[in-house]
Amino acid sequence: MNTKLLLTGTLALALGAVGCSSPPEAKEVAEVTASHSGEMVRGVSTSLRMMSQMSAFGGLGEAANILTGSFSGVPITGTPTCGTPDTAPCTPTSMPGVSAPDEATTESMAALSEKYLRERIFTEANVEKTEGGSTVFLLQGDDLCSDGSYAPSPSCVEAVNKAELRIRASYLGKGMNLELLVGPERKEPMSLAFDETRVGLTLDLQGIKDTVQFLSPESSAQLPRVMVGRVELALTSAGPQDITFETSILDALRLEMDSSGGTFAFSSDKAAPLTSVRTWQQDGATHASFALNLNTTEVRMPYTGSAAQLSGKQWVVSLSGMSYEMEVRDHAEQFLIAHLGLGDAQSYVALGDQRLVTVDLNTLSGRHFDLVITKGADGVPMLGVRPEFDLSVGLNLASLATDPSYEVPSYYNNETYRVRLSGGTVPSLRAVPANEATGFRGGLQVVTGALSLAATGAEVSVPEGQCLVGRDTAPEGSHPLLGHFEARDCQ
């Protein structure tokens, strides 16, 4: 057979197969979207209930309360805010809880979602046309503005019909893809993709901007001048009790908005996934994992203070990144937060060309560390690090002193503070509660390794076994900030 003829025939068959792909029927679209939406509601609720019942984080709030009381007199912000004779008492810290609807409420929500999609959205009556391999549904206000048990609001019906909302449904492998189309020009602000185990919602910022401009032209002036990027929210189910929720920045985000004072801007590089939360059951125990992988992110905004020499400059907050990975098993005595870091370069806050605050974490040890949290017999956790914790914060805030709205302590001018916990295989700390009998106000004990706090011409060293504690008044001649810390026995 002629090779050229064979290639031509093969190509024609391939193109014909693509062009003749059958559009999905309304009933199939309704069934796929309804069943997956119901499963998503049930899965999220189950995952939240599982996390709400976990006790692995117990004790972290108590540790925070101990340290708040111990170091309440240290003027980190220039003036102590609580816990001293001249201030209000410190408010106890509690770890945020996770709430979830009960099973009956969840089932009601899922059933309503399924009914709405089957009976009011993806119906034969709403099919406008088929094109290529897609079915286009034109949504009606009478359907969207009521679940059928009450009369829809006339204003809602009018607004929906004026918006010309359509959904284009097409096959996506073994799943289905739904695209929301708005207006006669069919703006595409979002899409929804289903397969056998995953539901993904993609939001297009440019499409959202175009949609808002169409629906509400008078609001155009309030929108960012630049609004680009795509984000995704996705739910994956590997079983009724194995749920993963992820967020991703699919295309780098960039927003810019002009004002009379200057330009506000936000940007964040691609990160897929950006966050991940998974809950599952294994060997009769509840497990949960959490991960964050934020890449370079920057915020710019105009200086709006009263100092003439700073007028026209921009604030810049640049975060090189932020990451961690954590897995927790309920009732476990220990868990690990791995790969904690602030990106692979220096993070900073600048005003104009001058960096006022710089932050470097573990510069000499990979810019990341692992945090090992071990539950103590008293319920207060011990925190260990691998290979070390080495944080340097550079401060040069003198230029802000020209603005009377800022109170800048002298020890935040041309100074670098370094906090380092190192030594041994896993240097570790734990909070030690106050002892009224001895007058010990609580502190941070170095269980293994050594802890040091350093600044220009000053250092506080805490050897293994001793505690770092705070004191309300720094000794005369000592460093104005580090003088509020001392190493002493933990009793």
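Quick note: structure is the one above.
Small disclaimer: the values here were computed from a predicted structure and weren't measured.

**Student:** So, the overall build of the chain: which residues are in play, and what are the values?
**Tutor:** Across its full length, the chain carries 7 helices and 27 strands. Looking at the 491 residues of the chain, the share that counts as buried comes to 40%. Of the contacts made within the chain by residues no fewer than 6 positions apart, 56% connect residues no fewer than 24 positions apart. Per element, the accessible surface of the chain, about 25,600 Å² overall, is 56% carbon and sulfur.

**Student:** Describe the state of the cysteines, with residues and values.
**Tutor:** Per the counting criterion, the structure on display carries 2 disulfides. Here Cys-145 is linked by a disulfide to Cys-156, with a sulfur-sulfur distance of 2.0 Å. Residues Cys-145 and Cys-156 share a disulfide whose torsion about the S-S bond is about -85°; that sign makes it left-handed. Residue Cys-145 is located in the loop between α5 (141–144) and α6 (154–163), and its partner Cys-156 is located in helix α6; the two are separated by 11 residues in the primary sequence.

**Student:** How would you summarise a nonpolar patch on the surface if you had to cite specific residues and measurements?
**Tutor:** Together, Met-257, Phe-264 and Met-301 line one region of the surface with nonpolar side chains, adding up to about 240 Å² of accessible area. Its place among the elements puts Met-301 in strand β12 (residues 297–302).

**Student:** Please provide a residue-by-residue account of the pairing of strand β13 (residues 314–319), values included.
**Tutor:** Successive residues of a regular strand alternate their side chains across the two faces of the sheet. The sheet contact formed by β12 and β13 spans 6 bridges and is antiparallel. Residue pairing for β13: Pro-302 is matched across the bridge by Gln-314. Where β13 lies against strand β16 (residues 347–351), 4 bridges are found, and the strand directions are antiparallel. If you follow Val-317 over to β16, its bridge partner there is Val-349.

**Student:** Describe the packing of aromatic side chains, naming the residues involved and giving the relevant values.
**Tutor:** Following the criterion strictly, the structure yields 5 aromatic pairs and no others. Taken together, a centroid distance of 5.0 Å and an interplanar angle of 85° make the contact between Phe-122 and Phe-137 edge-to-face. Residue Phe-122 is found in the loop between α4 (103–121) and β1 (127–131), and its partner Phe-137 is found in strand β2 (residues 134–138); the two are separated by 15 residues along the sequence. Overall, the relative accessible area of 0% leaves Phe-137 in the buried class. Relative to Tyr-417, the ring of Tyr-412 has its centre 6.4 Å away and its plane inclined at 90°; by these criteria the two rings are edge-to-face. As far as burial versus exposure is concerned, Tyr-412 and Tyr-417 are alike and both buried. Following the ring pairs from residue to residue traces out a cluster consisting of Tyr-411, Tyr-412 and Tyr-417. Across from the ring centre of Trp-280, 3.9 Å away, lies the NZ or CZ of Arg-278, which sits over that ring. Its guanidinium or amino end placed over the ring of Tyr-348, Arg-355 lies 3.6 Å from that ring's centre, counting from NZ or CZ.

**Student:** Could you give an account of the nonpolar core, with specific residues and numbers?
**Tutor:** Counting residues in hydrophobic clusters, the biggest one holds 39 residues, and the most contacted among them are Tyr-417, Leu-451, Leu-468 and Leu-482. If we ignore the near neighbours within four places in the chain, the residues touching Tyr-417 are Leu-391, Ser-392, Val-393, Leu-395, Tyr-411, Tyr-412, Ala-454, Ala-455, His-479, Leu-481 and Leu-482. Core analysis: the next-biggest nonpolar cluster, separate from the first, contains 22 residues, Leu-139, Cys-145, Val-160 and Ala-163 among them.

The rules we used
Residues numbered from 1 in each chain as written. Predicted model: local features only at pLDDT ≥ 70, side-chain atom pairs only at ≥ 80, totals over all residues. Heavy atoms only, no water. Helix = DSSP H or I, 4+ residues; strand = E, 2+ residues; numbered from the N terminus. Buried < 20%, exposed > 50% of the residue type's maximum accessible area, 1.4 Å probe, protein only. Contact = heavy atoms within 4.5 Å. Areas by Shrake-Rupley, 256 points an atom, 1.4 Å probe, with all protein chains shown as cover. Disulfide = S-S within 2.5 Å. Patch = residues over 30% accessible without salt bridge, like charges linked within 9 Å, V, L, I, M, F, W, Y side chains within 5 Å. Salt bridge = Lys/Arg side-chain N within 4 Å of Asp/Glu carboxyl O. Pairing = 2+ DSSP bridges. Phe/Tyr/Trp six-rings, centres within 6.5 Å; stacked < 30°, edge-to-face > 60°. Lys NZ or Arg CZ within 6 Å of the ring centre and 35° of its normal. Core = buried A, V, L, I, M, F, W, Y, C linked by side-chain atoms within 4.5 Å.

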